[in-house]
Amino acid sequence: MSALEKQLHLGRLPPRPPLPAGGGQSGSKMRMGPGRKRDFSPVLWSQYFESMEDVVVENETGKDTFRIYKSGLEGPVLLLLHGGGHSALSWAVFTAAIINRIQCRIVALDLRGHGETKVRNPEDLSAETMSKDVGNVVEALYGDLPPPIMLIGHSMGGAIAVHTAVANLVPSLLGLCMIDVVEGTAMDALNSMQNFLRSRPKTFKSLENAIEWSVKSGQIRNLESARVSMVGQVKQCEGAASPECPKAIVEGIIEEEEEEEENEEGGGSVNKRKKEDDTETKKEHLYTWRIELAKTEKYWDGWFRGLSNLFLSCPTPKLLLLAGVDRLDKDLTIGQMQGKFQMQVLPQCGHAVHEDAPDKVAEAVATFLIRHRFTEPIGGFQCVFPAC
């Protein structure tokens with residue numbers, strides 16, 4: 001059990017927390033009203049998944065261990081691949097939503113270099129290596145007779161899902177879903193990615209601080225999802241004085257909103273609070289990112305270049321979920337007009353669509369699977385077929 005998991009267990013957390021204001025969806029700042037503060041405490045994975053397992057993959061050079069989270073007992077397997085820097089826990093709220101809509105089994109995987117997965121070469125994040133990892137995990141789980149599997153991936157995970165499908169590494173593949181990843185916009189965004197990564201805090205003084213930053217910065221717009229998924233994005237530093245973990249700086253949007261709140265209430269000293277925060281920071285163990293994404297730059301081009309045509313070439317039924325229609329590139333626009341895949345736009349979401357609007361994504365995926373007769377609805381779920 002990791003240090004983070006121990007901390008969460010010791011916290012004696014209550015059952016699954018209620019949805020924040022707005023039903024857990026995006027689009028609001030989730031203000032709780034005068035004098036009330038939002039709860040940024042972390043939530044344990046077991047509030048959303050039924051089980052956790054470490055899958056051992058053996059080969060001629062040794063063993064790798066991949067962390068997976070599972071739910072469901074029957075129906076097709078939805079194999080979930082997270083985006084860069086995230087973890088399988090980013091699918092937690094989505095899992096709880098879809099498992100109550102259709103018969104399915106969930107397997108959410110921590111990709112190499114991410115989450116609690118432990119491999120001999122975590123720096124190798126090439127599309128080829130990570131695709132082989134997915135195939136190896138499927139083989140380790142199900143042997144020569146895997147059940148019907150749908151690959152669903154967000155951002156980097158969507159690209160890896162496509163590369164896995166094209167290489168035929170999942171022989172029982174029945175469907176493919178990419179979430180907010182398009183070759184054209186992804187390649188354009190790579191030029192500014194390093195600036196974005198440099199703008200993030202290097203450390204956090206606590207898990208609560210990390211969760212608060214993720215919500216207030218807009219990285220995750222859904223507080224409920226942030227409380228479970230940020231645990232998979234950060235880790236405790238070896239020591240507060242470690243050269244890799246300088247003193248945490250609580251800055252940017254968090255400080256600005258706190259100042260606004262205190263000014264509105266007409267009390268408290270901002271400077272005094274900052275000094276108190278600095279003093280407390282020195283006493284606490286700091287948290288930092290589990291993976292230094294800036295060091296993975298040499299693999300970015302390989303994830304996304306040629307992705308649109310690879311996606312279109314997959315013979316299985318395909319679904320593309322986007323935060324905005326402006327993200328479509330030329331190849332996908334033509335392919336969509338030719339009916340080569342189903343597309344749905346989920347507005348008022350950030351890039352982490354499945355975290356910002358887990359219910360809407362679950363509804364879209366469930367409808368897709370029922371439409372193709374891959375599964376059956378449960379709990380009175382009614383399909384609403386999209387226009388495109």
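Let us look at the structure shown here. (Residues numbered from 1 in each chain as written. Predicted model: local features only at pLDDT ≥ 70, side-chain atom pairs only at ≥ 80, totals over all residues. Heavy atoms only, no water.)

**What to know about the pattern of salt bridges**
Overall, the coordinates contain 12 salt bridges when judged by the stated rule. Measuring nitrogen to oxygen at the nearest pair gives 2.6 Å for the salt bridge that ties Arg 67 to Asp 54. Taken together, the residues Arg 67 in strand S2 (residues 62-71) and Asp 54 in strand S1 (residues 51-59) connect sequence positions 13 residues apart. In this structure, Arg 290 engages Glu 116 in a salt bridge whose closest nitrogen and oxygen atoms are separated by 3.1 Å. With Arg 290 in the loop between strand S9 (287-289) and helix H10 (297-304) and Glu 116 in the loop between strand S4 (105-109) and helix H3 (127-142), this pair connects stretches of sequence that are 174 residues apart. (Salt bridge = Lys/Arg side-chain N within 4 Å of Asp/Glu carboxyl O. Helix = DSSP H or I, 4+ residues; strand = E, 2+ residues; numbered from the N terminus.)

**Brief notes about the side chain of Glu 224**
Tracing the chain through its elements places Glu 224 in helix H7 (residues 223-229). A polar atom in the side chain of Glu 224 sits 2.9 Å from the side chain of Tyr 48. (Polar contact = N/O pair within 3.5 Å; in protein donor to acceptor, adjacent residues only side chain to side chain.)

**Examining the sheet that holds S2**
Pairing is mixed in the open sheet, where eight strands are placed in the order S1-S2-S4-S3-S5-S6-S10-S11. At either end of the open sheet lies a strand with only one pairing partner, and these are S1 and strand S11 (342-345). The sheet shows a mean angle of 20° between the axes of neighbouring strands, direction not considered. In the sheet, strand S3 (residues 77-81) pairs with strand S5 (residues 149-154) via five bridges, with the strands oriented parallel. Of the residues in S5, the one forming a bridge with Val 77 is Ile 149. Contacting S1, S2, S3, S4 and S5, H3 crosses the sheet at an angle of about 110° to S1. (Pairing = 2+ DSSP bridges. Axes fitted to C-alpha atoms, helices over the stretch in contact; angles between N-to-C directions. Contact = heavy atoms within 4.5 Å.)

**Here we look at the nonpolar core**
The biggest cluster of nonpolar side chains holds 51 residues, and the ones touching the most others in it are Val 134, Trp 303, Phe 304, Phe 311 and Leu 320. With sequence-adjacent residues up to four places away left out, Trp 303 is seen in contact with Leu 125, Ser 126, Ala 127, Met 130, Met 156, Ala 159, Ile 160, His 163 and Thr 296. With 45 residues, the next largest nonpolar core counts Val 43, Ile 102, Cys 104 and Leu 346 among its residues. (Core = buried A, V, L, I, M, F, W, Y, C linked by side-chain atoms within 4.5 Å. Buried < 20%, exposed > 50% of the residue type's maximum accessible area, 1.4 Å probe, protein only.)

**A short note on unusual backbone geometry**
Trans is the common state for peptide bonds, and a negative phi is the common state for residues other than glycine. The phi dihedral of Gln 348 is positive, around 65°, even though this residue is not glycine. Turning to its location among the elements, Gln 348 is positioned in the loop between S11 and helix H13 (353-356). Its relative accessible area of 58% is what places Gln 348 among the exposed residues. Although it is not a glycine, Arg 373 sits at a positive phi angle of roughly 60°. The topology assignment puts Arg 373 in the segment after helix H14 (358-371).

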